[in-house]
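Observations on chain architecture
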Amino acid sequence: MVSSPTRYLVFFQYFGTKYSGVMETSNDQSMVGVQNYLEKAAQNLKPVVPIKFCISSRTDTGVHALCNSAHLDIQRAPGKPAFSEKQLVYSLNYHLKPEPIRILNAYRVTNSFHARFSALSRTYIYRLLMGCTHYSEIPVFERDLCWAPAGGYLNVPAMQDAAQFLLGTHDFSTFRSLNSETPFQSPVRTILQADIRPSSGFLSQHYEDRCWLLLPSGKRQLDFLLVSRPIFCSLIYLVRTTKTRES
């Protein structure tokens with residue numbers, strides 16, 4: 001008798017510098033995705049069928065995550081009980097060593113749960129390190145964790161005022177890339193939060209490579225700027241929470 005699969009929701013984090021992104025890629029590439037390592041680790045659990053991770057939020061090359069999520073189905077051999085949540089976390093982390101990827105928590109969920117389509121919102125933090133005139137001046141503990149734009153300090157109050165124009169529901173068709181999934185995804189997103197705050201701590205947080213940056217407003221100009229590069233900050237950080245409704 002074949003046992004039925006058990007679905008789990010897992011939360012995981014990773015230091016993304018060495019990965020092509022979070023999504024699975026071909027193993028013959030020089031850089032592969034975080035998902036490649038997650039699924040390789042999961043195969044050591046000896047499932048009846050290969051385990052696939054359905055990840056809730058995509059990130060690109062070099063992107064870090066304090067907490068991403070995914071669901072997976074595990075079907076064990078007949079007579080084998082389902083993994084407990086604690087067993088699953090321990091086993092996956094054991095087989096993920098020495099990769100900078102860690103499973104934080106695991107929860108059994110119903111088979112109707114979907115990590116991507118059940119997501120209600122996503123929060124991103126973009127870190128900017130101000131005051132460096134050259135890359136060599138970035139502190140070693142901040143490298144790969146921030147963007148250090150040249151040109152002096154920013155007008156934070158002006159950026160805070162401009163951020164309010166991003167709030168609400170907007171169609172972001174102009175700012176997304178075209179791929180095979182584009183016709184099936186809604187470009188409409190609701191921005192619930194857009195904050196700019198000075199910070200002096202070593203705050204690591206999930207970010208993506210494409211975002212609205214209010215740098216022109218901070219330099220006393222009027223237009224927004226779309227920046228396509230890793231964004232992280234130590235002295236100023238931007239917080240963005242997006243309500244997600246997948247179609």
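Right, let's walk through the structure included here.

Reading the values: rules and limits
- Residues numbered from 1 in each chain as written.
- Predicted model: local features only at pLDDT ≥ 70, side-chain atom pairs only at ≥ 80, totals over all residues.
- Heavy atoms only, no water.
- Buried < 20%, exposed > 50% of the residue type's maximum accessible area, 1.4 Å probe, protein only.
- Helix = DSSP H or I, 4+ residues; strand = E, 2+ residues; numbered from the N terminus.
- Arc of directions from axis to C-beta.
- Polar contact = N/O pair within 3.5 Å; in protein donor to acceptor, adjacent residues only side chain to side chain.
- Salt bridge = Lys/Arg side-chain N within 4 Å of Asp/Glu carboxyl O.
- Contact = heavy atoms within 4.5 Å.

1. Quick word on helix H3 (residues 156-163)
Taken together, the buried positions of H3 are occupied by Val156, Met159, Ala162 and Ala163. Each buried residue of H3 sits inside an arc of 120 degrees when the element is viewed along its axis, so together they form one side. Capping the start of H3 is the job of one residue whose side-chain oxygen sits 3.1 Å from the backbone nitrogen of Ala158: Asn155.

2. What about the pattern of salt bridges?
Inspection of every chain in the model, using the stated rule, returns 6 salt bridges. Between Glu99 and Lys18 there is a salt bridge, with the nearest N and O atoms lying 3.0 Å from each other. Of this pair, Glu99 sits in the loop between helix H2 (85-96) and strand S4 (101-109) while Lys18 is found in the loop between strand S1 (6-14) and helix H1 (34-43), placing the two residues 81 residues apart along the sequence. We classify Glu99 as buried; its relative accessible area is 12%. Residue Lys52 pairs with Glu39 through a salt bridge whose shortest N-O separation is 3.2 Å. Residue Lys52 is located in the loop between H1 and strand S2 (53-55), and its partner Glu39 is located in helix H1; the two are separated by 13 residues in the primary sequence. In this structure Lys52 comes out as partly exposed when scored by relative accessible area, which is 46%. Judged by its relative accessible area of 8%, Glu39 is buried.

3. Quick word on the environment of Gln13
Residue placement: Gln13 occurs in strand S1. Residues Gln13 and His64 lie 51 residues apart in sequence; the distance between their C-alpha atoms is 7.7 Å. The contacts of Gln13, once residues within four sequence positions are left out, are Ala65, Leu66, Cys67, Pro100, Ile101, Arg102 and Leu104. Within the structure, Gln13 has its side chain in polar contact with the backbone oxygen of Leu66 (distance 3.0 Å).

Limitation: the analysis is restricted to geometry and does not speak to function.
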